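Here's the letter readout for the chains.
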Amino acid sequence: MQIVIIGSGNVAYHMAKAFTLKGIPLAQLFGRNEKELSQISHELNIPYSTDHLEEADLYIICVSDHSVEEVSKVITGKDCLVAHTSGSLSKEVLAGNYRKASFYPLQTFSKSKDLEYEKIPFFIEAENEEDQKILFGLASKISERVMESTHEKRKYIHLTAVFACNFVNHLFARAKEISDSQEIPFDYFLPLIDETVQKIHEIEPKMAQTGPAVRKDVRILQLHEQLLKDESLDIYKTMNHSIQKMYEL
C-alpha cells in the first residue's frame, strides 16, 4: 500500500517515525515547509516534496485543525483513502470525492521528545468496514492500543485530553513562574510531579486528591491567596472551588 503523510510538524514527524520504526514504508512526505520536510526526510530516509503530490492508496493529513479542510483539497484522486489525525474534527471536513476517515493518535507530540509508539492509543473511524479494517490493522502495527470511535465519542476523548494534558501542563508552567520568582529550582518539584502522575496508575484520581482544599484548611487557602495576584490568583480560587465541590458530603 502506497502511503503519503501530509504535514511537517510534530504529529507528521512522529507518525513518519513510528511507521518507519515499525517497518511500514512511506512513499512520500508532502507539505509547504521545505526546511522541516528536509530534516525529517534526512533523518528517516523518506522522499519529500513541496510541489508534487505522489499518487497513493492512503493519505494521512497531519496538520493543525484549522488547516485540515484546505490541505485536503490538494488531494485530487478519487480511488484513495484520506484520513486526518484530528481529535475534534469530523471526517466529513475532508474536502474531496475520496473515501474519508480519522486516524487519531492520543498523545502530546514534540519533535525533541522520543515516544514509545506502542503505548499511544489510536482511535479509528472510517466510512465503510473495509477501510475501518485497513486503518485498524495499520494502527495495530504501531500500537498495542487501538479502538474504533465515532466522531461524537472522539470529541469527548479530545476534551478529556485537554483537561488531562494541556491544562495540567499550563499549571506546571504557572507553578514554575512561582518557583522562579523565589529562585527555587523547579526540578526540586519534579519528584512530587512524578509521584502525582504515577499514583493515578494505581489509584483513581478522585481518591488520590490531597491538599488544603480537600482538607478544608481555610487558613492555608487564605494565606496562599495573599501571595498571588491576577490570573494565578483566579486559577487558584477556581481550582480550589472545584475541588471543594467535588468532595462535598
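Throughout this description, residue numbers start from 1 for each chain and increase along the sequence as written. The model is predicted, so local features are restricted to residues of pLDDT at least 70 and side-chain atom pairs to those at 80 or more, both for listing and for counting; the totals for chains, interfaces and linings are taken over all residues. To get the side-chain values, take all heavy atoms of the structure and skip hydrogens and water.

**Here's the deal with helix α3 (residues 65-72)**
For an α-helix, 3.6 residues make a turn, and residues three or four places apart therefore share a direction. Rules: Here the term buried applies to any residue with accessible area under 20% of the maximum for its type, exposed to any over 50%, and partly exposed to those in between, with areas from a 1.4 Å probe on protein chains only. Secondary structure is summarised from DSSP: a helix means a run of H or I of at least four residues, a strand means a run of E of at least two, and numbering begins at the N terminus for each. Taken from the helix axis, the directions to the C-beta atoms give the arc we talk about. In this analysis, two residues are considered to be in contact whenever any of their non-hydrogen atoms come within 4.5 Å of each other.
When α3 is considered as a whole, its buried residues turn out to be S67, V68, V71 and S72. Down the axis of α3, the sector holding all buried residues measures 125°, keeping them to one side. The exposed residues of α3 that point more than 90 degrees off its buried face are H66 and E70. Where the residues of α3 are buried, they touch β1 (3-6), β4 (58-61) and β5 (81-84).

**A look at unusual backbone geometry**
Excluding glycine, most residues fall at negative phi; most peptide bonds, likewise, are trans. Located in the positive-phi region is N45, a residue other than glycine, with phi close to 60°. Examined against the element boundaries, N45 turns out to sit in the loop between α2 (34-44) and β3 (48-49). A positive phi angle, close to 55°, is found at E183, a residue other than glycine.

**Regarding the nonpolar core**
In globular proteins that are soluble, nonpolar side chains generally tend to be buried together. So the rule is basically this: Residues belong to one nonpolar core when they are buried, are Ala, Val, Leu, Ile, Met, Phe, Trp, Tyr or Cys, and are joined through side-chain atoms within 4.5 Å.
Membership of the largest hydrophobic core comes to 34 residues, with the highest contact counts inside it found for I5, F19, F103 and F122. Looking at this core, the element that brings in the most residues is helix α1 (residues 10-21), giving six residues. Among all residues touching F103, those that are not within four sequence positions of it are M15, F19, I60, A83, H84, T85, F122, F123, I124, L135, L138 and A139. By size, the runner-up hydrophobic cluster in this structure holds 15 residues, among which are V4, I6, V71 and L89.

**A few points about the pairing of β1**
This is how it is decided: At least two DSSP bridges between two strands are needed for those strands to be called paired. By convention, orient the strands away from the viewer: a clockwise path from the first strand over the helix to the second makes the crossover right-handed.
The two faces of β1 match: I3 and I5 on one face and V4 and I6 on the other face are all buried. Bridge analysis of β1 against β4 gives four bridges, and the strand direction is parallel. Across the sheet, residue V4 finds its bridge partner in β4, namely Y59. Taken together, the three bridges between β1 and strand β2 (residues 28-30) define a ladder with parallel strand orientation. Note that in β2 the partner of I5 across the bridge is L29. In terms of handedness, the path from β1 via α1 over to β2 forms a crossover that is right-handed.

**Focus: the domain arrangement of the protein chain**
Stated formally: These domain limits were set by an automatic method or by a database of domain assignments. Each of two parts loses accessible area, computed with a 1.4 Å probe, when they are put together; buried area is these two losses added. A pairing counts as a salt bridge when a side-chain nitrogen of Lys or Arg comes within 4 Å of a carboxyl oxygen of Asp or Glu. In protein, a polar contact requires one atom able to donate a hydrogen and another able to accept it; more generally it is a pair of N or O atoms within 3.5 Å, and residues adjacent in sequence count only if both atoms are side-chain atoms. Classification convention: Asp, Glu, Lys, Arg as charged; Ala, Val, Leu, Ile, Met, Phe, Trp, Tyr, Cys, Pro as nonpolar; all other residues, Gly among them, as polar.
Assigned domains within the protein chain: domain 1 (3-149) and domain 2 (155-247). Computed over C-alpha atoms, the centres of domain 1 and domain 2 are 34 Å apart. The interface of domain 1 with domain 2 comprises seven residues on the first partner and five residues on the second. Broken down residue by residue, the surface that domain 1 buries against domain 2 is led by G87, S88 and Y104, which jointly contribute 55%. At the surface where domain 1 touches domain 2, the tally comes to zero salt bridges. On the surface where domain 1 and domain 2 come into contact, there are zero residue pairs in polar contact (both at pLDDT 80 or more). By residue class, the composition of the side of domain 1 that touches domain 2 is three nonpolar, four polar and no charged.

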